[in-house]
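# Examining the three-dimensional arrangement
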Amino acid sequence: MEKFVIYGARPLAGRVRVDGSKNAVLPMLAAALLADTPTTLLEVPQLQDVVTMSRVLTALGADVRLEGGGRRLVVRPHGLNSFEAPAALVRKMRASFLVTGPLLARFGRVRIALPGGCAIGVRPIDLHLKAFKALGAEIRLGEGCIEVQARRLRGARIYLDYPSVGATEQVLMTACLAEGTTVVEDAAEEPEVVDLAACLRSMGARIQGAGTKVIRIEGVRSLQGARHATIPDRIEAGTYMVAAAMTGGEVFVDNVVPEHIKAISAKLKEMGAEITEYSTGVQVRARRGELRATDLKTQPYPGFPTDLQPQFMALLSVARGTSLLTETVFENRFLHVAELRRMGARIHLEGRSAVIQGPADLSGAEVHATDLRAGAALVLAGLAARGRTEVWGVEHVDRGYVDLEGKLSRLGALISREPLRAEELARARPPEPVPEWLGRHVTLPAAVK
Ligand code: UD1
């Protein structure tokens, strides 16, 4: 197990390139199971979550390989021979539940473990199940597993009671091979949903309206593999934008779609940062001590993303004045508050809102990441804090950031990754089992076993 060691209070400067979107590529890997021929994905971030999803596909009989010196991830679905998803992997990563729709469409039957909750909330799957039922499937629950069966999938009108990203993606994939037309109302409008639809369309699917509240899918008989490049990761981009603002630095964040980060840019501007947008990048400049408080509320896209809430909380803690931050997407996404307080942040929780009084003079401490984005927030706090910060729980951060410490070091941060010492290991949370072949920065092997 490892920790990040950071010596903070240094302004970041330079250029950083954002990797492909984790949340776009995970459903695309599941979608590759719908095709009869191989799918090639480009701009795939080499992250632990991608490895986990690749292992789910491999366990189902597909062949997943990293080719072209790591530039292409190729999924060959010919060997797909199982409708039972491996329970250990599904419980480890919630997004692996996304194989349910493709397996149902291919086999007419799926058996899969119920994905558990996680640190940020209960995260039910009722909307996914509602959609499967509407498409003609029968559902049985028992022994921590769920079985979904459908002799024929038939298009339907599905009203999602909430624009869930995962449920929208699940319907898109399942309805592609259903008979007739499916209309999804109150669909999620996230760029990752739009990118999945684009990938499915290049596989032969007929989808209209992705990126709006109503999506229409005309079922087709079969899909063929395609070649698709994933969009840049807007959450990774937002994290580096906050890093620049928080340290009073000047950073060009390369490989972003400005449209995707509008809410983030708007909030940073309100706080007094200078944001200059270019066609594929954004320049962020801020002066230390000159950031102002602001209020923000997380919402489905195009609202402010919940996946940047912890990072913005760290940023608001060093801004002048009182900010009100409200989390509406997940019910328990405030576990980073206690850790930020240990570094000197003044944050008071009231139900789903946090009142943040700034500016706090953050100082280094030993802090523990409870989930991916909380970990990122603590690293950002460490970059702004005086003295030495240790962020434990690096395995959470590795799920979603490619070479975080390398990219930050190249911007001038003093950050290193170090193993926990023997006496520290006893105090650490139990490690997630990591397969031996995972390199330090999670390099996919030629064949994923
Ligand atoms: C995806 C993202 C995650 C992001 C989230 C919200 C991936 C792999 N993950 O997660 O990083 O934080 O979108 O932008 O893309 N809900 C239900 N019933 C359901 C499904 C969801 O009540 O059947 C609730 C959830 O508990 C949560 C809210 O809806 O409170 C949003 O969840 P959802 O949009 O589904 O998020 P995910 O797809 O799980």
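Overview of the structure. Numbering of residues starts from 1 in each chain and follows the order in which that chain's sequence is written. Per-residue local features are limited, in this predicted model, to residues with pLDDT of at least 70; the limit for side-chain atom pairs, both in listing and counting, is 80 or more; totals at the level of whole chains, interfaces and linings are taken over all residues. To obtain the side-chain values, all non-hydrogen atoms of the structure were included, while hydrogens and water were left out.

### Considering helix α10 (residues 309–317)
With respect to burial, α10 is a largely interior element, nine of its nine residues being buried. Only protein chains enter the area calculation, which uses a 1.4 Å probe; residues under 20% of their type maximum are buried, those over 50% are exposed, and those in between are partly exposed. Counting from the N terminus, the helices are DSSP H or I runs at least four residues long and the strands are E runs at least two residues long. By the burial criterion, the buried members of α10 are Gln-309, Pro-310, Gln-311, Phe-312, Met-313, Ala-314, Leu-315, Leu-316 and Ser-317.

### So, the pattern of salt bridges
Every case where a carboxyl oxygen of Asp or Glu lies within 4 Å of a side-chain nitrogen of Lys or Arg is listed as a salt bridge. For the structure shown, the criterion picks out 38 salt bridges. Across the pair Arg-399 and Asp-49 runs a salt bridge whose closest N-O atoms are separated by 2.8 Å. With Arg-399 in the loop between α13 (394–398) and α14 (404–410) and Asp-49 in helix α2 (residues 48–59), the pair connects residues that are 350 residues apart, well separated along the chain. By relative accessible area, which is 3% here, Asp-49 ends up buried. With its nearest N and O atoms 3.5 Å apart, the salt bridge here joins Glu-259 to Lys-262. On the accessibility criterion, Glu-259 (47% relative accessible area) is partly exposed. Several salt bridges share partner residues, and in doing so they unite Lys-3, Arg-388, Glu-390, Arg-421, Glu-423 and Glu-424 into one network.

### Details of the packing of helix α8 (residues 234–246) against helix α12 (residues 372–384)
With axes taken as lines fitted to C-alpha atoms, and helix axes fitted only over the stretch in contact, angles between N-to-C directions fall between 0 and 180 degrees. Contact geometry for α8 and α12: axes closest at 9 Å, N-to-C directions at 20°. With respect to α12, the axis of α8 lies roughly parallel. Handedness of the α8/α12 crossing: right-handed. The residues of α12 that touch α8, namely those facing Ile-235, Thr-239, Val-242, Ala-243 and Met-246, are Arg-373, Ala-376, Leu-380, Ala-381, Leu-383 and Ala-384. Gly falls in the polar group here, along with every residue not listed as nonpolar (Ala, Val, Leu, Ile, Met, Phe, Trp, Tyr, Cys, Pro) or charged (Asp, Glu, Lys, Arg). Tallied by class, residues from the contact of α8 with α12 come to nine nonpolar, one polar and one charged. Note that the term roughly parallel is reserved for angles under 35 degrees, roughly antiparallel for angles over 145, roughly perpendicular for angles of 65 to 115, and oblique for everything else. Should the near helix be turned anticlockwise from the far one by less than a right angle, the crossing is left-handed, and should it be turned clockwise, the crossing is right-handed. In what follows, a contact means two residues having at least one pair of non-hydrogen atoms within 4.5 Å.

### Description of the pairing of strand β18 (residues 321–326)
Paired strands are those between which DSSP finds at least two bridges. Two elements, strand β17 (residues 296–297) and β18, share two bridges in a ladder whose sense is parallel. Paired with Leu-296 across the two strands is Leu-325, which belongs to β18. Bridging between β18 and strand β20 (residues 353–358) involves six bridges; their strand directions are antiparallel. Each residue of the ladder has a partner; that of Leu-325, found in β20, is Ala-354.

### Digging into the sheet that holds strand β23 (residues 414–419)
The strand order across the open sheet built from four strands is β21-β22-β1-β23, with neighbouring strands paired in mixed fashion. The open sheet has two edge strands with one neighbour each: β21 (366–368) and β23. Ignoring strand direction, the axes of neighbouring strands in this sheet form an average angle of 25°.

### Points about the sheet that holds strand β15 (residues 274–277)
The sheet built from four strands is open, its strands ordered β2-β14-β16-β15 with mixed pairing. The open sheet terminates on both sides in strands that have one partner only, identified here as β2 (13–17) and β15. On average, adjacent strands in this sheet sit at an angle of 15° to one another, irrespective of strand direction. The pairing of strand β14 (residues 250–254) with strand β16 (residues 281–285) spans five bridges and is antiparallel. Within β16, the position partnered with Phe-252 by the bridge is Gln-283.

### Here we look at the site of the ligand
Around the ligand, a shell composed of 18 residues is seen, among which Asp-126, Leu-127, Ser-164, Asp-307 and Val-329 lie nearest. Under this definition, polar contacts are N or O atom pairs within 3.5 Å; protein pairs additionally need one hydrogen-donor-capable and one acceptor-capable atom, and for neighbouring residues in sequence, both atoms have to be side-chain atoms. Gly-166 is positioned such that a nitrogen or oxygen atom in its backbone is 2.8 Å from an oxygen atom of the ligand. Asp-307 is positioned with one of its side-chain polar atoms (N or O) 2.6 Å from an oxygen atom of the ligand. Accessible surface is estimated by sampling points in the Shrake-Rupley manner with a 1.4 Å probe; for residues, cover comes only from the protein chains shown. When the free accessible area of the ligand is taken as 740 Å², the share hidden by the protein chains comes to 85%. Within the residue set of the shell around the ligand, elements represented by two or more residues are α5 (126–134) and α6 (165–176). For the shell around the ligand, the element with the highest residue contribution is α5, accounting for three residues. By convention in this text, a residue qualifies as near a molecule or strand provided that one of its non-hydrogen atoms is within 4 Å of it.

### Remarks on unusual backbone geometry
Peptide bonds are mostly trans, and most non-glycine residues show a negative phi. The step from Tyr-301 to Pro-302 runs through a cis peptide bond, and the omega angle for that step is 10°. Along the polypeptide, Pro-302 turns up in the loop between β17 and α10. Gly-358 connects to Pro-359 through a cis peptide bond whose omega is 0°. Although it is not a glycine, Asp-186 sits at a positive phi angle of roughly 60°. Despite not being glycine, Asn-255 has its phi angle at roughly 70°, a positive value. For Asn-255, the location among the structural elements is in the loop between β14 and α9 (262–270).

### Structural notes on the pairing of β15
Where β15 and β16 come together, four bridges link them in antiparallel fashion. If you follow Ile-275 over to β16, its bridge partner there is Val-284. Where β15 folds back onto β16 in an antiparallel hairpin, the turn is made up of three residues.

### Observations regarding the packing of α10 against α12
For the pair α10 and α12, interaxial distance at closest approach is 7 Å and the crossing angle is 25°. Relative to α12, α10 is oriented roughly parallel. Seen along the crossing, α10 lies across α12 with a hand that is right-handed. Facing Pro-310, Gln-311 and Ala-314 of α10, the residues of α12 in contact are Arg-373, Ala-374, Ala-376, Ala-377, Leu-380 and Ala-381.

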